[in-house]
Protein chains: 2
Amino acid sequence: MESNLAVSALAALAHEGRLAIYRLLVVAGPDGLTVGDIGDKLKMPGATLSFHLSQLKHAGLVAARRDGRRLIQTADFARINGLVAYLTENCCGGQACAPVCKPATNKNRRAPKAKASNG
Amino acid sequence: MESNLAVSALAALAHEGRLAIYRLLVVAGPDGLTVGDIGDKLKMPGATLSFHLSQLKHAGLVAARRDGRRLIQTADFARINGLVAYLTENCCGGQACAPVCKPATNKNRRAPKAKASNG
DNA sequence: TCCATATTTCTAGTATATTCGAAATATATA
DNA sequence: TATATATTTCGAATATACTAGAAATATGGA
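Residues numbered from 1 in each chain as written. Chains lettered and ligands numbered in written order. Predicted model: local features only at pLDDT ≥ 70, side-chain atom pairs only at ≥ 80, totals over all residues. Heavy atoms only, no water.

Topic: the protein's contact with DNA strand C
- Neighbouring residues of DNA strand C: 21 residues in total, closest G36, S50 and L71 of chain A together with R18 and H52 of chain B.
- Protein-adjacent atoms of DNA strand C, using a 4 Å cutoff, are sugar or phosphate at a proportion of 71%.
- K57 of chain A places a polar side-chain atom, nitrogen or oxygen, 3.4 Å from a phosphate oxygen of DNA strand C.
- Of all the secondary structure elements, the ones that give two or more residues to the surface near DNA strand C are α3 (35–42), α4 (46–58) and β3 (70–75) of chain A together with α4 (46–58) of chain B.
- Partitioned by chemical class, the residues of the surface near DNA strand C number six nonpolar, nine polar and six charged. (Near = heavy atom within 4 Å. Polar contact = N/O pair within 3.5 Å; in protein donor to acceptor, adjacent residues only side chain to side chain. Helix = DSSP H or I, 4+ residues; strand = E, 2+ residues; numbered from the N terminus. Nonpolar A, V, L, I, M, F, W, Y, C, P; charged D, E, K, R; others polar.)

Description of the state of the cysteines
- Considering all chains together, one arrives at zero disulfides over all chains under this definition.
- For C92 of chain A, which is in no disulfide, the shortest distance to another cysteine sulfur is to C91 of chain A and amounts to 3.5 Å. (Disulfide = S-S within 2.5 Å.)

Comments concerning the sheet that holds strand β2 (residues 62–67) of chain A
Residues and elements named next belong to chain A.
- Across the sheet, which stays open at both edges, the three strands sit in the order β1-β3-β2 with antiparallel pairing between neighbours. On the outer flanks of this sheet lie β1 (33–34) and β2, each paired with one strand and no other.
- Pairing between β1 and β3: two bridges, direction antiparallel. If you follow L33 over to β3, its bridge partner there is Q73.
- Running over the sheet, α4 touches β2 and β3 and is turned about 115 degrees from β2. (Pairing = 2+ DSSP bridges. Contact = heavy atoms within 4.5 Å. Axes fitted to C-alpha atoms, helices over the stretch in contact; angles between N-to-C directions.)

With respect to the protein's contact with DNA strand D
- In the region of DNA strand D, 21 residues are neighbours, and R18, A47, T48 and H52 of chain A together with G36 of chain B sit closest.
- Among all atoms of DNA strand D positioned within 4 Å of the protein, those belonging to sugar or phosphate total 71%.
- Here a phosphate oxygen of DNA strand D and a backbone polar atom of V35 of chain B are 3.4 Å apart.
- Interatomic distance of 3.1 Å between a side-chain N/O atom of S50 of chain B and a phosphate oxygen of DNA strand D.
- When residues of the surface near DNA strand D are traced back to their parent elements, those giving at least two are α4 of chain A together with α3 (35–42), α4 and β3 (70–75) of chain B.

So yeah, pure geometry; function would need other evidence.
Put into structure tokens, the structure is as follows:
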């Protein structure tokens, strides 16, 4: 991932309304949600929602497919994975370190403390 | 993590210069870098760098400790871990899904394709 | 074709972020 | 105290983003 792609993804998520939209789509998974569904859940005016969806699409975080009159929006998980990888790239100079590098496992932590905070 | 904390972390990273600063600190790990080190590496004027560091600190992504005249800046890995968890929370409604949920392992992928892109 | 539903584009008023030189502050050492 | 180094704060010019009503576009069905 290049810097400007990462910046545009981060900027797209750096807004309360868009973050809420994105998180709804993450939970919805591959089935997605229509624009109307999202508007209902978030009580957001159509024009505002459309503007924010276009920002998320432009950043590659959301994709849409048509289903009749409706447009079904889905989160693009590849992009968020790439973003997280970019943010944590070569963490601590490449040494084995705390779970920022390996978020899913409890292996290879440096210290057996309750809260993980070092890198 | 609450929405406004996540938004402030994302907004802090959503700038080319600040993202570059943050990524330098991720690589530097717990040893950190001084403000001067960062300015030299990124060729950024002191006032501009100070402004951006304050944004990153305000968002909880960077911390500083004093070492004589110098201030050593470090990335706060707990915050980025929390942010990633917030972004991917309850992904796909909680079902086992692609590696956005479990980025460190190759287990529990839905399909054995080369590129992971579904959630 | 005509109408209803779903969504986007237009528009303009309002608010917030970025930049960096100059001056101020903090610390160390003689 | 005087001086040098390290970093932050001030200030003002400049640029960009947000909001949402109204109008326009796209699709499906009678």
